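Topology and contacts: notes
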Amino acid sequence: MCFYQFYIRVITGMACLWLFPLAAGAGVVFRSHASLEISVNTGEAPVVYTALELFGADYKKVLDGAVLKGDHARLLIGTLGNNSDAEKGISKKQRDQLRLHNEGFVMEVRQNKLYILGSDKRGTAYGILELSRLMGISPWEWWADATPQKRGDFRLENGYSKLEYPSVAYRGIFINDEDFGLLPWSSKNFEKGLPTVGKTKGAIGPKTYAKVFELLLRLRANTIWPAMHEVTVPFYLIPGNKEMADKYGIVVGTSHCEPLMRNSVTEWDLYGKGDYNYVTNKDAMLSYWTDRLKALKGSDHIYTIGLRGKHDGMMQGVKTLAAHKAVLAQVIADERVLLKKYAASGDAEKLPQIFIPYKEVLDVYNDGLKVPEDVTLIWCDDNYGYIRHFPNAQEQAREGGSGIYYHVSYWGRPHDYLWLATTHPALLYTQMKHAYERGAKKFWILNVGDIKPAEYLTELFMDMAWNISSIADNEKGLEQHLDAWLHREFGAANARQLLPAMNEYYRLAYIRKPEFMGGTRTEETDPKYKMIVDLPWSEQEIRQRIEDYEAIAAKVTRLARQLPAGKRDAWYQLIEYPVCAAAEMNKKFLYGQLARHDKATWERSDEAHGAIDQLTRKYNALHNGKWKGMMTDHPRSLPVFEKLQHTGSAVAMAGKTMPRFLFNGNEYRRYTGSRPVGYGLGYQRGAVSLVKGSTIVFNFTMQDAGSVNIELALAPNHPVGKAIRYAIQVDNGPLQEIDYATEGRSEEWKENVLRNQARRTTHHKLAGAGKHTVTIKALDEDVVVDQVKIW
């Protein structure tokens, strides 16, 4: 039997495809070189057919078969309310459960047929692509050349059933600071020839966004904040971008400084009239927003309301906090009128809207700005992974709920980290888990920079947003997630060997990111911050760090040689380049520091600088030049990326000073209250989280009486309430309460985020020689103890 009417166009290379019979009771078996007949209604939303198109390509890659519509369907697909065969075949109990959840899906195998039913269009699409996941397709199949493994067959037994739905309503990415990777790659390599406007230098068009949106669907995400820098043609000025978002069912929003779907850093200069000043030019700004809302009616959007300056700056026309609050309140009211008139088909309150108290807007909000109850409040991290505000009880009770804007890439003070994505997975996990538990469940957006090389962190973020309970909340949960990710991409044997190396990669970068190794700062007025300086490490510490990096670089390089050819490009992008490039960046600066003190030759530093260039050239040549222009080793051309000058230092190198006792947080002898939990965070992966009111106790023995100084190193979390405090006591001595909260962008905060530690030292008198105890009690939430040093 030959099938010539293909539902999804798949190049098969075969004139005829046969459907193999199934044994009785076998469930659903997909066999190599066999066609798969499906049943799907013709009235489904475009994203459903898009997902089917992707699945058809996946099926071809894994099983060398084709997916087509036929009368003997084994796969039945539909959406609730469309009267599909899939809906008729799903049990009533599962249908009733599915109706309770947006974007959910049910998969059931009954009587040798597989049924996939979505609660809505995106739920159906996620259900279809869940089948791709089960067949072994990586979400990074295209974006990291993660070649799927061929299979002889794939089976789902009768009785197989699953119901899935998202934990977070809106889940997505923000493409940001795209100047150095995504934009040049797209406009000069992948999607050449798109016109530019104004001062822009390139465009990211529908061909590129189709791949971005495919990635989002595969990650079970649904939201995009498109690239918006002044070098990039704004999203809606490129024909086809809006239509591509509609095809993939992606909800388009805009960042904290782009209200009502306008990219004002470029678009105001093209279409605005007068100053971007609501106080003096209100009518022109209202007209400017109205034009965009009229053009977008009918598509899926989440609307940012409020107002900041044209590009990540303070609103123009206000000089006092009171004036700022008054004008912003009027802006929000006027924007809501426009939404009701031009964007809503009914009540404007039913349109998804967000308000982002970011930077100076947070001060206005804290001063009492009233935000409509149906609007979602989006809280931000401090750009370095530590969330500045969690919803309080009043904010948790709001109809619009709360969300989080989080960074794994950043341009700004105290220093950029746009090159390698080294945010510790345990930091991301703990911060986002706490945010969810405190009510931030409506909207999660991740600043991913150029997408690459933030692949693992992006997937971790999206897995949590899809199912907040998917990672066990204990010491092993995160490690199991990373191990499963490595297993999927490179097989069990490689994953076992690679897991310790990747844990070490994140640990070393937690101590200091590769981009921070020069001791420089960005956006500081003092010229001293442009000069490379010694880090406060001894020769022994420097040589140990070099040795640690060389060990993991050697391991990933060695493992690469035993990989099958089809996995090597993915390995280089996901593993080898970030690990080896981080190692060489550290060697460049650490050998340079040794050379300044005549303890090494400059040649070693220069070799490391050259190695980074070679590694980057190889990256851009991968896959026959597919990624040409994507990776740069010098975003913003900062001093940290330059070859080091061969100059000496008049300052003596730091000597190695060891405390009398050094404990990692998890080396406590006993605890009271809730058991401390460690997630692999910390300088030695030994940091522990303390529940408010709980204590940990450390023991030490002194041969002499006198006194000690105790330096406590903690994760530099921000207060959940007004303070973040611990109490410390030696033996039965006085209890000392310490608050280690930081203010704004203070010098202490800068030091804390550059080294990922907040440090406080207390002085304690000892009653005599012998055994002693140090008791540390969490007086507030989110106290995370990394190290205890007794001097």
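Residues numbered from 1 in each chain as written. Predicted model: local features only at pLDDT ≥ 70, side-chain atom pairs only at ≥ 80, totals over all residues. Heavy atoms only, no water.

1. Comments concerning unusual backbone geometry
Along the chain, Arg 413 connects to Pro 414 via a cis peptide bond; the corresponding omega equals 0°. Tracing the sequence through the fold places Pro 414 in the loop between strand S15 (402–407) and helix H13 (425–437). Pro 453 follows Lys 452 through a cis peptide bond whose omega is 5°. On the secondary structure map, Pro 453 appears in the loop between strand S16 (443–449) and helix H14 (455–466). Of note in this structure, Ile 451 is not a glycine but carries a positive phi near 75°. (Helix = DSSP H or I, 4+ residues; strand = E, 2+ residues; numbered from the N terminus.)

2. A word on the nonpolar core
Ranked by internal contacts, the top residues of the largest apolar core, which has 219 residues, are Trp 143, Phe 213 and Phe 355. For this core, the element with the most residues is helix H18 (residues 565–596), which contributes 17 residues. If sequence neighbours within four positions are ignored, Phe 213 has contacts with Ile 224, Phe 235, Asn 241, Met 244, Ala 245, Tyr 248 and Ile 250. (Core = buried A, V, L, I, M, F, W, Y, C linked by side-chain atoms within 4.5 Å. Buried < 20%, exposed > 50% of the residue type's maximum accessible area, 1.4 Å probe, protein only. Contact = heavy atoms within 4.5 Å.)

3. Notes on the packing of aromatic side chains
Within the structure shown, the criterion is met by 49 aromatic pairs. Ring geometry for Trp 142 versus Trp 627: centroids 5.3 Å apart, planes at 70°, classification edge-to-face. With Trp 142 in the loop between helix H4 (121–134) and strand S7 (153–156) and Trp 627 in the loop between helix H19 (602–625) and strand S17 (661–664), this residue pair connects regions lying 485 residues apart in the sequence. Given a relative accessible area of 15%, Trp 142 falls into the buried group. With 5.3 Å between their ring centres and 75° between their planes, Tyr 365 and Trp 379 make a pair best called edge-to-face. Within this pair, whereas Tyr 365 is found in helix H11 (residues 360–366), its partner Trp 379 is found in strand S14 (residues 376–380), the two being separated by 14 residues in sequence. For Trp 379, a relative accessible area of 1% gives the class buried. Here the guanidinium or amino end of Arg 262 rests over the ring plane of Tyr 288, the centre of that ring lying 4.2 Å away. Here the guanidinium or amino end of Lys 452 rests over the ring plane of Trp 627, the centre of that ring lying 4.6 Å away. (Phe/Tyr/Trp six-rings, centres within 6.5 Å; stacked < 30°, edge-to-face > 60°. Lys NZ or Arg CZ within 6 Å of the ring centre and 35° of its normal.)

4. Examining the pattern of salt bridges
This structure, assessed with the given rule, holds 59 salt bridges. One salt bridge connects Arg 122 with Asp 300, and the closest N-O pair in it is separated by 3.1 Å. Here Asp 300 lies in the loop between helix H9 (282–296) and strand S12 (303–304) and Arg 122 lies in helix H4, a separation of 178 residues in the sequence. Assessed through its relative accessible area of 24%, Asp 300 is described here as partly exposed. The structure contains a network of salt bridges with shared partners spanning Glu 103, Lys 121, Arg 122, Arg 171 and Asp 300. (Salt bridge = Lys/Arg side-chain N within 4 Å of Asp/Glu carboxyl O.)

Read these as spatial facts, not as claims about activity.
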